[in-house]
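A closer look at the structure
One letter stands for each residue in the lines below.
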Amino acid sequence: MEAKIGKFFESVGDFFTGGDQIPWSEPDIVAGCEREVADAEKGSSDELKSECIMRLSWALVHSKRAEDVQRGIAMLEASLAGSGSSPLQVREKLYLLAVGYYRSGDYSRSRQLVERCLEIAPDWRQALSLKKAIEDKIKKDGAIGIGIAATAVGVLAGGIAAAVAASRKK
């Protein structure tokens, strides 16, 4: 019985917090990736620099800090714009960009990008998982929006009813 109650409260908590399976990165991971990029800038091969920048982009879009997420989005967009990348690299960048937009709350842009990922690799589990998380978030936000609207209508109707009742007593 306790397990069922615990599961119920966990699902309610997930409903309100987002409960997705996308990992977060900590500030020390971001700082470590920034050091890697700085070290790679000091004469490493272009391939190593690119790998370090991708790791930093991953850490930024998975960060809990909104400014890190925005920085990661900007890096990835710049990288895609000036990219002679392979389809695999494009897929990875599109996915990370979709994660960044998901984290920043732009679910429609995130969904567009994840769809582009799935055009390149239709069976890619990470992209499919992100797509489901996006769709769940959109549904949840819609349900919350409907609940807020219904509450507002109820409060308004109650106010009108109270005003009508008060005017009849006079």
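Residues numbered from 1 in each chain as written. Predicted model: local features only at pLDDT ≥ 70, side-chain atom pairs only at ≥ 80, totals over all residues. Heavy atoms only, no water.

Applicable threshold: UniProt positions are given in the numbering used here, feature names are shortened, and annotations may be inferred rather than shown by experiment.
Taking an unreviewed UniProt entry as the reference, the chain is identified by name as Mitochondrial fission 1 protein belonging to Forsythia ovata. The Sequence similarities (unreviewed entry) field of the UniProt record for the chain holds the comment "Belongs to the FIS1 family." Taken verbatim from the UniProt record of the chain, the Function (unreviewed entry) comment is "Component of the peroxisomal and mitochondrial division machineries. Plays a role in promoting the fission of mitochondria and peroxisomes."

Quick notes on the environment of Ala66
The condition is simple: Strands are runs of DSSP state E lasting at least two residues, helices are runs of H or I lasting at least four, and both sets are numbered from the N terminus onward.
Locating Ala66 in the fold gives a position in helix α4 (residues 66–81). Linking Ala66 and Gly100, residues 34 residues apart in sequence, is a C-alpha distance of 9.5 Å.

Some thoughts on α4
This is how the line gets drawn: A helix's residues, less one, multiplied by 1.5 Å, set its expected span. Burial classes: relative accessible area under 20% of the type maximum marks a residue as buried, over 50% as exposed, and values in between as partly exposed (1.4 Å probe, protein chains only). Taken from the helix axis, the directions to the C-beta atoms give the arc we talk about.
Spanning 16 residues, α4 covers 23 Å between terminal C-alpha atoms, matching the ideal 22 Å at 1.5 Å per step. All of the buried residues along α4 are Asp68, Val69, Gly72, Ile73 and Leu76. Along the axis of α4, the buried positions cluster into a sector of 140 degrees, meaning they face one direction only. Among the exposed residues of α4, those pointing more than 90 degrees away from its buried face are Ala78 and Ala81.

A short note on the packing of helix α3 (residues 46–61) against α4
This is how it is decided: Every axis corresponds to a line fitted to the C-alpha atoms, with the helix fit spanning only the stretch in contact, and the corresponding angles, defined between N-to-C directions, vary from 0 to 180 degrees. Here is the rule for angles: anything less than 35 degrees is roughly parallel, anything more than 145 is roughly antiparallel, 65 through 115 is roughly perpendicular, and the remaining ranges are oblique. Crossing handedness: left-handed means the near helix sits turned counterclockwise from the far one by under a right angle, and right-handed means the same turn made clockwise. Any pair of residues with heavy atoms lying within 4.5 Å of one another is described as a contacting pair. Gly is placed with the polar residues, together with every amino acid not listed as nonpolar (Ala, Val, Leu, Ile, Met, Phe, Trp, Tyr, Cys and Pro) or charged (Asp, Glu, Lys and Arg).
Running from N to C, α3 and α4 point in directions that differ by 140 degrees, and their axes come no closer than 7 Å. Considering the angle they form, α3 stands oblique to α4. Classified by chirality, the crossing of α4 by α3 is left-handed. Across from Ile53, Leu56, Ser57, Leu60 and Val61 in α3, the residues of α4 making contact are Asp68, Val69, Arg71, Gly72, Ile73, Met75 and Leu76. In terms of residue class, the contact of α3 with α4 is built from eight nonpolar, two polar and two charged.

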